[in-house]
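Observations on chain architecture
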Amino acid sequence: MDLGRRKFIQLGLGAAALPAVAGDAWAQTFPSRTISVVVFLPAGAIPDIIARLVGGALSERLGQPVIIENRPGGGGNIALQAVARATPDGHTLLLLASPHAINVSLYPNAPVSLAKDIVPVASLNHDTFVLLVNPSLPVKTVAEFIAYAKANPGKVNLSSNGTGNLTHLAGELFKTATGIDTVHVPFRGSPAALAALTAGDVQALFDTVGTSFPLIQAGKIRALGVSSTERVRMLPDVPTIAETVPGYTVTGWLGIGAPKDTPPEIVQRLNREIGAVLNEPAIKTRMLELNSNPFVSTPEEFARFTADDAEKWGKVVKAAGVKLD
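Calculation rules
- Sequence positions are assigned chain by chain, starting from 1 and proceeding in written order.
- This being a predicted model, a pLDDT of at least 70 is required before a residue's local features are given, and a value of 80 or more before pairs of side-chain atoms are given or counted; all residues contribute to the totals for chains, interfaces and linings.
- Computation of side-chain values covers all heavy atoms of the structure but excludes hydrogens and water.
- A run of H or I in DSSP becomes a helix once it reaches four residues, and a run of E becomes a strand once it reaches two; helices and strands are each numbered from the N terminus.
- Between the two quantities, the radius of gyration covers C-alpha atoms and the globule rule is 2.2 Å times the number of residues to the power 0.38.
- Throughout this description, buried means an accessible area under 20% of the type-specific maximum (1.4 Å probe, protein chains only), exposed means over 50%, and partly exposed covers the range between.
- Areas reported here follow the Shrake-Rupley algorithm with a probe of radius 1.4 Å; residue values treat only the protein chains shown as occluding.
- The span one expects for a helix is its residue count, reduced by one, times 1.5 Å.
- When a carboxyl oxygen of Asp or Glu lies within 4 Å of a side-chain nitrogen of Lys or Arg, that pair is called a salt bridge.
- Residues belong to a common nonpolar core when they are buried Ala, Val, Leu, Ile, Met, Phe, Trp, Tyr or Cys residues joined through side-chain atoms within 4.5 Å.
- What makes two residues a contact is simply this: any of their non-hydrogen atoms within 4.5 Å.
- Pairing of aromatic rings covers Phe, Tyr and Trp, the last through its six-membered ring, and needs centres within 6.5 Å; plane angles under 30 degrees mean stacked, over 60 mean edge-to-face, and all others mean tilted.
- Each residue carries a pLDDT score, the predictor's confidence in it, ranging from 0 to 100.
- The rule for pairing is simple: two strands pair if DSSP sees at least two bridges between them.

Notes on the overall build of the chain
Secondary structure assignment for the chain yields 12 helices and 10 strands. Here the C-alpha radius of gyration of the chain, 22 Å, is about what a compact globule of 325 residues would show, namely 20 Å. Residues counted as buried form 50% of the 325 residues belonging to the chain. Here the chain displays about 14,800 Å² of accessible surface, and carbon together with sulfur accounts for 55% of that area.

Structure (structure tokens):
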């Protein structure tokens with residue numbers, strides 16, 4: 001082997017070792033500065049509130065500030081791209097959520113994705129969805145809604161908070177499971193969709209219990225069924241959809257992710273600290289007030305969970321023929 005080729009190989013081996021060396025250094029000094037959690041929604045949304053709640057408590061445990069950086073847009077892809085391209089040293093994290101799992105199928109050609117570029121670090125919560133109708137619709141149960149929709153094919157507007165998000169796919173899964181024919185009417189976000197439902201511009205909507213609860217409580221919209229496997233504390237008299245449509249469940253979730261190649265020691269440290277935060281009584285109480293159930297898991301369990309969720313919604317996206325312009 002000539003000297004030039006030997007030198008080239010030595011340089012290549014040295015470069016390949018650099019990430020491991022840097023990772024060891026990062027792990028030994030973590031955290032050494034402010035930690036940013038990039039959130040895919042604007043300030044004030046429930047996921048943002050939960051990120052700030054957990055971030056504040058996490059800051060106390062880690063001894064460094066934890067700030068929230070809101071980067072809405074692109075169905076969550078803008079925030080994901082920002083984190084995927086960050087230095088994998090644990091100081092830039094992503095608020096992961098159901099849309100990131102759905103986007104694996106919605107944007108198969110995206111330059112970055114949850115599956116390829118993010119390490120699931122720790123789960124935060126589970127959210128329950130609820131099937132809502134305008135009170136003028138002559139139905140009071142899930143069974144009556146199904147019967148009404150079947151008697152009026154193509155005449156019921158089943159709206160959502162946006163094409164391709166979980167409120168839309170919850171409806172598509174419901175349509176497949178029940179055989180009803182409804183018209184999808186997407187809006188830009190929950191406030192607009194709930195306003196249209198309240199005004200009677202649309203007849204039905206899937207949304208989270210926490211977001212829609214004030215309007216349900218005020219009698220401005222009617223809750224027919226929840227998407228969890230059990231009835232929820234905030235709506236104890238509302239049955240599960242699965243009581244009428246066996247097997248139907250939809251779970252929203254939040255978690256924390258980090259850039260690919262983040263050292264395992266940092267991932268484990270963050271997982272332990274976040275798990276401890278979620279077990280704090282004050283945090284549990286506040287999350288339950290938001291109808292958000294704390295969800296603690298190991299990094300490995302959370303990785304399997306996100307992969308399974310991506311697979312589930314990928315099948316729904318394909319079956320429904322959901323496409324984004």
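A short note on unusual backbone geometry
At the junction of F30 and P31, the peptide bond is cis and its omega measures out at -10 degrees in the coordinates. Looking at the secondary structure, you find P31 in the loop between α1 (3-29) and β1 (35-39). Within the chain, D261 stands out as a residue other than glycine whose phi angle is a positive 80 degrees. Among the secondary structure elements, D261 is positioned in the loop between β9 (251-259) and α10 (264-278). A relative accessible area of 58% means that D261 is categorised as exposed.

Focus on helix α7 (residues 166-178)
Owing to its 3.6 residues per turn, the α-helix brings residues three or four apart onto one side. In a regular helix each residue adds 1.5 Å, so 13 residues correspond to 18 Å; α7 covers 18 Å between its end C-alpha atoms and thus fits that length. α7 sits mainly inside the fold: 10 of its 13 residues count as buried. If you check which residues of α7 are buried, you get L166, T167, H168, L169, A170, G171, E172, F174, K175 and T178. Backbone geometry just downstream of α7 places G179 in the positive-phi region, at approximately 75 degrees.

A few points about the pattern of salt bridges
Per the counting criterion, the structure on display carries nine salt bridges. In this structure, E172 and K175 form a salt bridge, with 3.8 Å as the shortest nitrogen-oxygen distance. With a gap of three residues between them, E172 and K175 both fall in helix α7, about one helical turn apart. Residue class for E172 comes out buried when judged on its relative accessible area of 13%. Classification of K175 by relative accessible area gives buried; the value is 18%.

Focus on helix α2 (residues 46-62)
Taking 1.5 Å as the rise per residue, α2 with 17 residues should run 24 Å; its terminal C-alpha atoms sit 24 Å apart, in good agreement. Residues of α2 that are buried: I46, P47, D48, I50, A51, V54, G55, A57, L58, S59 and L62. G63 lies just past α2 and shows a positive phi near 75 degrees.

Some thoughts on the nonpolar core
V37, L95, I118, L124 and I256 are the most contacted members of the largest nonpolar core, which has 46 residues in total. For this core, the element with the most residues is α2, which contributes seven residues. Setting aside residues up to four positions removed in sequence, I118 forms contacts with L80, V83, A84, L94, L96, S113, G257, A258 and K260. Of all hydrophobic cores here, the second largest spans 29 residues; its members include V142, A170, A204 and V250.

Let's talk about the packing of aromatic side chains
Aromatic ring pairs are defined here through the distance separating the ring centres and the angle between the ring planes. According to the stated counting rule, one finds eight aromatic pairs in the structure shown. An angle of 35 degrees between the planes, with centres 6.2 Å apart, marks the rings of F206 and Y248 as tilted. Taken as a pair, F206 in strand β7 (residues 204-208) and Y248 in the loop between β8 (222-226) and β9 lie far apart in primary sequence, 42 residues in all. Of the two residues, F206 and Y248, neither departs from the other in class, the shared state being buried. Among the aromatic residues, ring-to-ring pairing joins F145, F174, F206 and Y248 into one connected group.

Side note on the confidence of the model for the chain
The share of residues in the chain with pLDDT of 70 or more is 92%, and the mean pLDDT across the chain is 90. Below pLDDT 50 for its whole length, residues 3-18 participates in two contacts with residues either more than four positions away or in separate chains.

Describing the pairing of β1
Burial within β1 is extensive, with five of its five residues counted as buried. Burial along β1 is two-sided: I35, V37 and V39 facing one way and S36 and V38 facing the other are all buried. Alignment of β1 against strand β2 (residues 66-70), held across five bridges, turns out to be parallel. By the bridge assignment, S36 is partnered in β2 with I67. Inspection of the sheet shows β1 paired to strand β3 (residues 92-97) by three bridges, in the parallel sense. In the strand pairing of β3, S36 is matched with T92.

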